[in-house]
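Fold and geometry: a report
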Amino acid sequence: MKPNISSAVAEKRSGLWRRMVKSWQLYALLLLPLAYLILFHYVPMFGIQIAFKDYSPAKGIWDSNFVGMKYFIKFFKSYQFTQVLRNTLVLSLYSLITSIPAAVIFALALNCVRCEGFKRLVQTVTYLPHFISLVVLVGMMWQLFNPLVGTYGTLYKSLFGKEAPNILGIPTAFYHLYVWSGVWQNVGWSSIIYVAALSNADPGLHEAAQIDGASRFQRVIHIDLPTIYPTMIILLIMRCGQIMSVGYTKTLIMQNSFNISYSEVISTYVYKIGLGSNGNYSYGTAVDLFNSVINLILICTVNKISKKVGEESLW
């Protein structure tokens with residue numbers, strides 16, 4: 001049996017090599033993204049060891065003193081651990097349960113539009129906010145929700161005859177402002193992949209359903225929705241791998257002294273600790289490494305559950 005197995009493996013490898021030589025142009029196209037992946041994702045992993053050392057720029061990574069789990073324990077015992085972990089999870093899960101359904105519903109509604117000109121117009125208008133800078137987006141929010149001169153403040157005063165409460169200064173309002181502004185900005189862009197998946201729906205199924213007297217809503221539920229279900233699962237798994245990764249740019253811009261207890265997430269905490277005035281590189285690296293490990297565990301767990309429950313998985 002062993003010689004046969006060896007020959008089969010050798011034949012398989014030679015066949016793979018022949019295909020690679022035959023289609024070398026396609027593999028050449030992979031060189032640039034592969035170089036990018038190695039240079040910006042794998043080479044920086046060399047710096048992970050800073051989390052386990054008392055890093056000093058003067059000594060360098062290799063010569064800095066090894067301290068083991070010191071900074072991980074320090075983070076776990078910190079009074080901010082519960083706060084930043086709570087805020088990160090709330091923002092991520094809130095965004096998850098709003099953004100995906102919003103994109104799916106928008107794609108299904110857009111797919112029902114029969115006028116191609118109006119459909120393209122709606123797509124263009126809803127795609128544009130995705131390209132707005134986060135700085136500009138937050139500035140628009142400040143102008144819109146300003147209690148004195150903003151649209152919200154002006155309408156409130158005209159309706160109730162008194163000054164509007166300052167939403168931007170209410171700590172618990174930060175979650176809603178962050179999430180729903182993100183939904184508005186990205187719902188059109190996120191729906192592109194679902195609109196593309198809906199194009200794979202079999203027209204014969206719709207014709208048969210119409211003959212049987214199915215309404216448009218029934219066809220959406222029983223034909224369109226199952227068509228994009230595999231895409232939804234794959235994107236959900238990928239999003240679950242980013243639950244602990246709340247972008248620090250928008251959060252940091254929206255952050256103020258009033259909402260700091262609700263807006264401080266792991267990414268902003270790492271930024272302030274690692275690159276702020278303190279410059280505690282080892283502590284910041286340890287916190288960020290903890291964040292990455294949790295993301296890895298989450299994506300592996302969700303992928304395994306999805307594979308057992310259904311047939312859709314990343315690997």
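Residues numbered from 1 in each chain as written. Predicted model: local features only at pLDDT ≥ 70, side-chain atom pairs only at ≥ 80, totals over all residues. Heavy atoms only, no water.

Take the side chain of Asn87 next. Assignment of secondary structure puts Asn87 in helix H6 (residues 80-111). The exposure class of Asn87 is buried, given its relative accessible area of 0%. Contacts of Asn87, omitting those with residues within four sequence positions, involve Tyr175, Ser261, Tyr262, Ser263, Glu264 and Val265. (Helix = DSSP H or I, 4+ residues; strand = E, 2+ residues; numbered from the N terminus. Buried < 20%, exposed > 50% of the residue type's maximum accessible area, 1.4 Å probe, protein only. Contact = heavy atoms within 4.5 Å.)

Considering all chains together, one arrives at zero disulfides under this definition. With no disulfide partner, Cys115 has as its closest neighbouring cysteine sulfur the one in Cys112, 14 Å distant. Overall, Cys115 belongs to the partly exposed group, its relative accessible area being 47%. (Disulfide = S-S within 2.5 Å.)

This part is about helix H10 (residues 173-190). Over its 18 residues, H10 extends 24 Å from the first C-alpha to the last, a length consistent with the 26 Å expected when each residue adds 1.5 Å. Along H10, the sharpest kink reaches roughly 35 degrees, centred on Trp184. All of the buried residues in H10 are Ala173, Phe174, Tyr175, Leu177, Tyr178, Val179, Ser181, Gly182, Val183, Gln185, Val187 and Gly188. Summarising the contacts, the buried residues of H10 are in contact with H6, helix H7 (116-127), helix H8 (134-144), helix H11 (192-198), helix H14 (248-254) and helix H15 (260-263). (Expected span 1.5 Å × (residues − 1). Bend = angle between axes of the 7 residues up to and from the residue.)

Take helix H16 (residues 266-275) next. Considered for burial, the residues of H16 that qualify are Ile266, Thr268, Tyr269, Val270, Ile273 and Gly274. Of the surrounding secondary structure, the elements contacted by the buried residues of H16 are helix H5 (70-77), H6, H14, H15 and helix H17 (281-309).

Here we come to the packing of H8 against H10. What describes two packed helices is the angle between their axes and the distance between those same axes. Viewed as axis vectors pointing N to C, H8 and H10 meet at an angle of 120 degrees, and their least axial separation amounts to 12 Å. Between H8 and H10, the angle is such that the two are oblique. The handedness of the crossing between H8 and H10 is right-handed. Residue-level inspection shows Leu134, Leu137, Met140 and Met141 of H8 in contact with H10, the latter providing Leu177, Ser181, Trp184 and Gln185. (Axes fitted to C-alpha atoms, helices over the stretch in contact; angles between N-to-C directions. Parallel < 35°, antiparallel > 145°, perpendicular 65-115°, else oblique. Left-handed = near helix turned anticlockwise from the far one by under 90°.)

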